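Per-entry structural report
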Amino acid sequence: MQSRFHGIRALATRIAAGFVGALWSASAFADDLIGQPTDKSVMMQPGVTPLKRDAIFFHNDILFPIITAITLFVLGLLLWIVVRYNKRANPTPAKWSHNTPLEIVWTLIPVLILVVIAVFSFKLLFAYHDMPKPYMTVKATGYQWYWGYEYPDQKIPEFVSNILPEAKAKAANVPYRLATTAPLVVPVNKTVQVLVTGADVIHSWALPAFGVIMDAVPGRVNSTWFKVDRIGTYYGSCRELCGVEHAFMPIEVKVVSQADFDAWVASKKPAAPAVAPAVVSATPAASVPAKPVTAPSTKLALSAPATH
Ligand SMILES: [Cu+2]
């Protein structure tokens, strides 16, 4: 995508060079942290998925120069009118109105600008829509006010991911209000499908570094996906005003190597086989005497119709 549209990109960037350049150098001041917001940063978080990088390209190299050029052009026109055609500089204004060629031009040029934007925009939308065959699926459920994660493929039942308390976050040297008690863990370089739903009100599962945001609507399962190509910890947050603790239900995703992921899955497996026999052997004293009492009566009831 980047090389093909290099010409347009170079032109658009040159048009708005001054203003955009100023912002870019400002953003260069703050060394962007990967996967979390950075103080004094003005542009988007660095992307760790191809789609997010395309989205950043679309914003920084297509939309932003166009918007900047239009804004400066309109500002220039306003200043020109104010200076050149005020009452003192232009005491007797012209009386004509309407100019057909000009009206055609100022209709066609905006249409062409929108067509250029639409080409890039639809390309990106289709890329988001076309999920490759996923390696695995996770289910993210929004609750007031925390997230629950379930791994149907790995048979890991839902676990709760709460905000990590401030003292614990400070002790662990992780960002408070972004770190969680139990992150979502996924393997690197694998397509992960995320099924998103809400249990009570509408929440939204958003992860800026992945370029992912998906509404969590009760009674509905929405689907999104990501493929992260960099090991690390990435933070997001609920993006739909969902109640008083909306700001305190962060999202933490740990992207790990396949080996680390397999080890994590093994550690998460419920210890059911080990517990089940113990329960059976512990119960006879309590439950066995109760069963013979009820069993004969049901047998009688069943056999009664047979005598007719
Ligand atoms: Cu929420």
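Presented here is a report on the structure given in the accompanying data block. (Residues numbered from 1 in each chain as written. Predicted model: local features only at pLDDT ≥ 70, side-chain atom pairs only at ≥ 80, totals over all residues.)

Sheet strands associate in pairs through backbone hydrogen bonding, adopting either a parallel or an antiparallel arrangement. Here five strands make up an open sheet; going across it, the order is β3-β2-β1-β5-β8 and the pairing mixed. The open sheet terminates on both sides in strands that have one partner only, identified here as β3 (156–161) and β8 (222–226). Neighbouring strand axes in the sheet, compared pairwise and without regard to direction, differ in orientation by 25° on average. (Pairing = 2+ DSSP bridges. Helix = DSSP H or I, 4+ residues; strand = E, 2+ residues; numbered from the N terminus. Axes fitted to C-alpha atoms, helices over the stretch in contact; angles between N-to-C directions.)

This part takes up the pairing of strand β6 (residues 203–207). In terms of burial, β6 is a largely internal element, five of the five residues being buried. Of the two faces of β6, the one holding H203, W205 and L207 and the one holding S204 and A206 are both buried throughout. Counting the residues between successive antiparallel strands, the hairpin from β6 to strand β7 (residues 212–216) contains four residues, one of them, G211, with a positive phi of roughly 70°. Relative to strand β9 (residues 232–238), β6 is paired through two bridges, and the arrangement is antiparallel. Considered in β9, the bridge of A206 is made with S237. (Buried ≥ 20, exposed ≤ 12 C-beta atoms within 10 Å, placed from the backbone.)

Attention now goes to helix α4 (residues 100–129). Here α4 spans 42 Å end to end across 30 residues, near enough to the 44 Å set by a 1.5 Å rise per residue. By the criterion of burial, α4 is predominantly exposed, with just zero of the 30 residues buried. (Expected span 1.5 Å × (residues − 1).)

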